[in-house]
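The primary structure of each chain is shown beneath.
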Amino acid sequence: MAKKKITTKKNTTKPRFQKTKSFFGNRQTQTIIGLFVMLFSFFLLVSFISYLFNWQDDQSQLSNFTDKNVTVKNLLGKIGASISHFFIYNSFGVASLYFPILLFFSGLLIFLKGSLLKVRKSWGWGILGILWISISFGFLAHKNSLFAGIIGYELNTYLQQFLGKTGLILVLLFLGFSYLVIRFKLTPEVIKNNFFPARPKTDKPIIENNIDTDSNSTTETEVAIEFPLEKKEVLVSNTANKGENILDKDLEISIKEKPNTDNVAIDVDKIVDENHVNENLSDKLVADFGEFDPTLELSNYKFPTLNLLRDYNEVISVDQEELELHKNRIVETLNNYNIGIDRIKATVGPTVTLYEIVPEAGIRISKIKNLEDDIALSLAAMGIRIIAPIPGKGTIGIEVPNKKPTMVSMKSVISSTKFQNSEMELPIALGKTISNETFVIDLAKMPHLLMAGATGQGKSVGLNAVLTSLLYKKHPAEVKFVLVDPKKVELTLFNKIERHYLAKLPDTEEAIITDTTKVVNTLNSLCIEMDARYDLLKIAMVRNIKEYNVKFKSRKLNPNDGHKYLPYIVLVIDEFADLIMTAGKEIETPIARLAQLARAIGIHLIVATQRPSVNVITGIIKANFPARAAFRVTSKIDSRTILDGQGADQLIGRGDMLFSGGNDIIRLQCAFVDTPEIDNITNFIGSQRAYPNAYLLPEYSGEEVGTSLDNNISERDALFRDAALIIVHAQQGSASLLQRKLKLGYNRAGRLIDQLEAAGIVGPFEGSKARQVLVPDEMALNQLLDNEPNS
């Protein structure tokens, strides 16, 4: 009999609970609660301190708490005396003074950020420390309950009975030492560095580097570095260059060279020593000024807060009867074809449920794979997908859509620990897997992402999820976006963050590109930027942008040599098929070049298309886009085009997607981020101080179509007028039409088309589409040709 392992989770969410959660999630409520907690911590601190001086007088009065004639000396009255008596005398003694400190910082975090995530660990360590101090005071002053409290006194007495005094001392010392080591990372090396620092250098250190002091030396180089205390002004003088002086306000460097009259080859050891000196200079710069901070210009920039995103009911609803019914039908269908099952397990996800089956020995996997349609028929469900076998497991997976899918909100994936603690260069939270785990990937390692799916299946939402992830994780100085939106409506909300995050061509009004001509110019401009960045990497002798920026922040690269901090650039194209249809090779060539080369210098591409056909997603593009995200498509051919396999045609839509990182294919439910949420985020960022302008790309001027030779009437083809008549009569500007009608070769027909364009009879090249005919009829053509000036 087949075994089952089904995990269920009952939906206990009620409207009242949702209202309560919404009330405490409100920022105004959090501000009031945070202020209250801070004031209450101050209340406790004052009452505790007052109790330490007046506890003997107030202790006898606490039994008459409601009597108006009874007074206490505590500064905060009977309530303060009662609370202090409970915490100090009846609980932990003077160690209770740590409670107001913890409460104050908890209230401060709630007041400023509305979150307690960073203080949870402090509460755990604080309570452990309070217990240790209470027991220690119970051992040292066991007769005085004020210091140890009743809890410390009783624990001390209990432990002494089992361990004895000597054993208790050893245990307390070990626990205290372990607490310091784990909590504060206190090691012998830390103690040595903090309490016994290395001997400091003198105010005016002198580094002397004498290279090859024997008589055959060609030069003698003396490097002296001085750091005046009052004013750091540097004079770089070189006696070999007739006293040319260079002013530098950071260091004072005096280099004197005494060339010998003998001509000898360059000494390699000298170059190595000079490089060593340069490294010392950069180390000294870092020691004096610290590492270069690219975020300094917008140092007060605040990242978007989580309350800008909307909460949804994300409790996965599991119907036990539905799971049992599906399991029985799967087993029954397989038994009908003599396929036995050892065991079956169900994993319920947000959108689909994965049934993992282990067939009996001797069953061929292909036999189960061929029953996909039969299982879909028996379950009466769409979107059945069979994974045979599941990578990394000895099971076969059958994915069955849930009758009640659960929405995955952007807030849940952004607030997840996996995303918040990620140390990726460009982390992207795409959604959740079948096991309800947040799926986070690094765009810098992909290095480009290809997205495809039919209309209305979630592509644009997926692009918004990618952009939102980067906005929540990266500072404006660290990443820039180039947004291409042929639809003109999908990415318009990001106009508000133009001066923070967007990049554009010089002398362009809008940063979001909608015109095909500007797209071509922008892509070619990115190619120029790519080549310039590679030149910088070559000079800096590094292999990628990460190493380059680390070296630049360490002040090992001189800005006077053209070096600068390089932000990542993410190119997002929302509808690639439309660009290919209108511009063709003009778009494909720079895209292919960027995809092949731009990874190392921090330019990454995210391309989305509705129609993943082979003439849109060519072999060159597919080869350089190993990471692919497929939403639901209409045919198996489209699925093979985007994923090199089936599956995308069996998805159920509404954010259901397959992600391929090169090897395995993972089914995800894409995180949903609505237009009002994007509006909130962009308003939050746009309201802050920004850079003076958007990030400017290199200027690119496109080449003019046609040549002056084509405009020369005397050098026109003998069949020019015949070709013009054919084009006007057919109203189709095509070289192939001229080839058929005039029986010409391709080259001559192409030259005729160029001459017709120069004469104003046909329009410019439009990719795979025929050129537009600008002359309506033969009469207008004759009038145009007769009025041409002779040249």
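These numbers come from a predicted model, not from an experiment.

Calculation notes
Residues numbered from 1 in each chain as written. Predicted model: local features only at pLDDT ≥ 70, side-chain atom pairs only at ≥ 80, totals over all residues. Heavy atoms only, no water. Helix = DSSP H or I, 4+ residues; strand = E, 2+ residues; numbered from the N terminus. Buried < 20%, exposed > 50% of the residue type's maximum accessible area, 1.4 Å probe, protein only. Contact = heavy atoms within 4.5 Å. Areas by Shrake-Rupley, 256 points an atom, 1.4 Å probe, with all protein chains shown as cover. Core = buried A, V, L, I, M, F, W, Y, C linked by side-chain atoms within 4.5 Å. Expected span 1.5 Å × (residues − 1). Pairing = 2+ DSSP bridges. Axes fitted to C-alpha atoms, helices over the stretch in contact; angles between N-to-C directions. Phe/Tyr/Trp six-rings, centres within 6.5 Å; stacked < 30°, edge-to-face > 60°. Lys NZ or Arg CZ within 6 Å of the ring centre and 35° of its normal. Salt bridge = Lys/Arg side-chain N within 4 Å of Asp/Glu carboxyl O. Parallel < 35°, antiparallel > 145°, perpendicular 65-115°, else oblique. Left-handed = near helix turned anticlockwise from the far one by under 90°. Nonpolar A, V, L, I, M, F, W, Y, C, P; charged D, E, K, R; others polar. pLDDT = per-residue confidence, 0-100. Patch = residues over 30% accessible without salt bridge, like charges linked within 9 Å, V, L, I, M, F, W, Y side chains within 5 Å.

K.L.:
It is not clear to me how the overall build of the protein chain should be interpreted in this structure. Could you clarify?
P.N.:
For the protein chain, the helix and strand inventory stands at 26 helices and 20 strands. Counting only residues that meet the buried cut, the protein chain has 45% of its 791 residues in that class. Once local pairs closer than 6 in sequence are excluded, the contacts in the protein chain between residues at least 24 apart make up 67%. Looking at the protein chain as shown, the accessible area adds up to about 43,500 Å², and 55% of this sits on carbon and sulfur atoms.

K.L.:
Is there a simple way to think about the nonpolar core in this case?
P.N.:
Ranked by internal contacts, the top residues of the largest apolar core, which has 110 residues, are F481, L571, I587 and F659. With nine residues, helix α16 (residues 516-540) is the single largest residue contributor to this core. In this structure, L571 is in contact with V482, V484, L523, L526, I591, L594, H604, L605 and I606, ignoring residues within four places of it in sequence.

K.L.:
Before we go on, may I ask you to explain helix α25 (residues 746-758) in this structure?
P.N.:
The periodicity of an α-helix, 3.6 residues per turn, causes residues three or four places apart in sequence to face the same way. The end-to-end C-alpha distance of α25 is 18 Å, a good match for the 18 Å that 13 residues give at a rise of 1.5 Å each. Listed in full, the buried residues belonging to α25 are A749, L752, I753, Q755, L756 and E757. Close packing links the buried residues of α25 with α23 (720-730) and α24 (735-742). Directly beyond the C-terminal end of α25, a positive phi value near 85° is found at G760.

K.L.:
Can you help me understand the sheet that holds strand β17 (residues 627-630) in this one?
P.N.:
By way of backbone hydrogen bonds, the strands of a sheet pair with one another, either parallel or antiparallel. If you walk across this open sheet you meet the nine strands as β11-β10-β19-β18-β17-β12-β16-β15-β13, and the pairing is mixed. The open sheet is flanked by β11 (438-442) and β13 (479-484), the only strands paired with a single partner. Across the sheet, the axes of successive neighbouring strands diverge by a mean angle of 30°, strand direction being ignored. In this sheet, strand β15 (residues 568-573) lies alongside β13 in parallel orientation, the contact comprising six bridges. Across the sheet, V479 pairs through a bridge with Y568, a residue of β15. In this fold helix α18 (residues 576-583) packs onto β13, β15 and β16 (603-609), with an angle of close to 90° to the strand it touches most, β16.

K.L.:
What is the right way to read the side chain of T353 from this model?
P.N.:
On the secondary structure map, T353 appears in strand β7 (residues 352-359). Using a relative accessible area of 3% as the deciding quantity, one classes T353 as buried. Those residues in contact with T353 that sit more than four places away from it in its chain are L323, A346, T347, V348, I398, E399, V400 and N402.

K.L.:
Sorry, what's going on with the packing of aromatic side chains here?
P.N.:
Throughout the structure, instances matching the rule amount to twelve aromatic pairs. An aromatic cluster of three or more residues is present, and its members are F48, F87, F92 and F99. Of note, K473 hangs over the ring of F419, and the distance from its end group to the ring centre comes to 5.4 Å. One cation-aromatic arrangement involves R716 over F720; the distance from NZ or CZ to the ring centre is 4.3 Å.

K.L.:
Is there a simple way to explain the pattern of salt bridges in this structure?
P.N.:
When their charged atoms lie close together, side chains carrying opposite charge are able to pair. Scanning the entire structure with this criterion turns up 19 salt bridges. The closest approach of N and O atoms between D311 and K411, which form a salt bridge, is 3.2 Å. Taken together, the positions of D311 in the loop between α8 (268-289) and α9 (320-336) and K411 in helix α12 (residues 410-414) put the pair 100 residues apart, joining distant regions of the chain. Overall, the relative accessible area of 18% leaves K411 in the buried class. The partner of E757 in a salt bridge is R771, and the shortest N-O contact between them spans 2.6 Å. Here E757 is found in helix α25, whereas its partner R771 is found in the loop between α25 and α26 (778-786), with 14 residues between them in sequence. Each member of the pair, E757 as well as R771, carries the same accessibility label: buried. If you follow the salt bridges from partner to partner, you end up with R385, E399, D656 and R667 in one network.

K.L.:
What am I meant to see in helix α4 (residues 98-113) here?
P.N.:
With 16 residues, α4 should cover 22 Å at 1.5 Å per step; its first-to-last C-alpha distance of 23 Å lies within 8% of that length. Every buried residue of α4 is listed here: F99, P100, L102, L103, S106, G107, L109 and I110.

K.L.:
When you look at the packing of α16 against helix α17 (residues 545-553) in this model, what are you seeing that I'm missing?
P.N.:
Running from N to C, α16 and α17 cross one another at 60°; their axes reach a closest spacing of 10 Å. Considered as vectors, α16 and α17 are oriented oblique to each other. In this structure, α16 meets α17 at a crossing whose hand is left-handed. Seen from α16, the contacting residues are R533, L536, L537 and A540; seen from α17, they are I545, Y548 and K551. Residues that form the contact of α16 with α17 fall into these classes: five nonpolar, no polar and two charged.

K.L.:
Quick question: what am I supposed to make of the pairing of β7 here?
P.N.:
Each regular strand shows side chains that alternate between the opposite faces of the sheet. Judged by how many residues are buried, β7 sits mostly within the fold: eight of eight residues are covered. Counting the residues that bridge the hairpin from strand β6 (residues 341-348) to β7 gives three residues. Across six bridges, the pairing between β7 and strand β9 (residues 396-401) is antiparallel. Directly across from Y355, in β9, lies its bridge partner I398.

K.L.:
Mind showing me how you'd approach the packing of α18 against helix α19 (residues 585-597) here?
P.N.:
Helix packing geometry: the angle between the two helix axes and the distance between the axes. Axis separation between α18 and α19 bottoms out at 7 Å; the angle between their running directions is 125°. The angle between the axes of α18 and α19 places the two elements in the oblique class. Contact residues: α18 offers F576, L579, I580 and A583, while α19 offers K585, E586, I587, E588 and I591. Looking at the contact of α18 with α19, its residues break down into six nonpolar, no polar and three charged.

K.L.:
Mind showing me how you'd approach unusual backbone geometry here?
P.N.:
A negative phi holds for most residues other than glycine; trans holds for most peptide bonds. Omega for the bond connecting M446 with P447 falls within 30 degrees of zero, at -5°, which places this linkage in the cis form. The backbone of R555 shows a phi angle near 60°, a positive value even though the residue is not glycine. Among the secondary structure elements, R555 is positioned in the loop between α17 and β15. Given a relative accessible area of 28%, R555 falls into the partly exposed group. Backbone geometry at D644 places phi at a positive 60°, although glycine is not the residue there. Its place among the elements puts D644 in the loop between α21 (636-643) and β18 (656-660).

K.L.:
I would appreciate a short explanation of the pairing of strand β12 (residues 449-452) in the present structure.
P.N.:
Of the two faces of β12, the one carrying L449 and M451 and the one carrying L450 and A452 are both buried. Pairing analysis gives four bridges linking β12 to β17, with the strands arranged parallel. Counted as the bridge partner of L450 is R628 from β17.

K.L.:
Even after reading the chapter, I still don't get the confidence of the model for the protein chain, so can you show me in this structure?
P.N.:
Close inspection of predicted coordinates is inappropriate for parts of the model with low pLDDT. Looking at the protein chain, the pLDDT average stands at 78 and 79% of residues meet or exceed 70. Note that residues 703-710 has pLDDT below 50 and, in this model, six contacts with residues that lie over four places away or in other chains.

K.L.:
I tried to follow the environment of K473 on my own but got confused; where do I start?
P.N.:
Inspection of the secondary structure puts K473 in helix α14 (residues 459-473). Through-space distance from the C-alpha of K473 to that of P304 is 9.1 Å; in sequence the pair is 169 residues apart.

K.L.:
I keep staring at a nonpolar patch on the surface and nothing clicks. Help me out?
P.N.:
Residues W132, I133, Y158, F162, L163, V171, F174 and L175 make up a contiguous nonpolar surface patch of about 790 Å² in total accessible area. Of all the elements in the fold, those that place two or more residues in the nonpolar patch are α5 (120-140) and α6 (145-184). The greatest single-element share of the nonpolar patch, amounting to six residues, is contributed by α6. Of note, F162 is situated in helix α6.

K.L.:
Can you walk me through the environment of L566 in this structure?
P.N.:
With respect to the helices and strands, L566 occurs in the loop between α17 and β15. Judged by relative accessible area, which is 0%, L566 ranks as buried. For L566 and K546, which are 20 residues apart along the polypeptide, the C-alpha to C-alpha distance reads 9.1 Å. When neighbours within four sequence positions are excluded, L566 is seen to be in contact with R533, L536, L537, I545, Y548 and N549.

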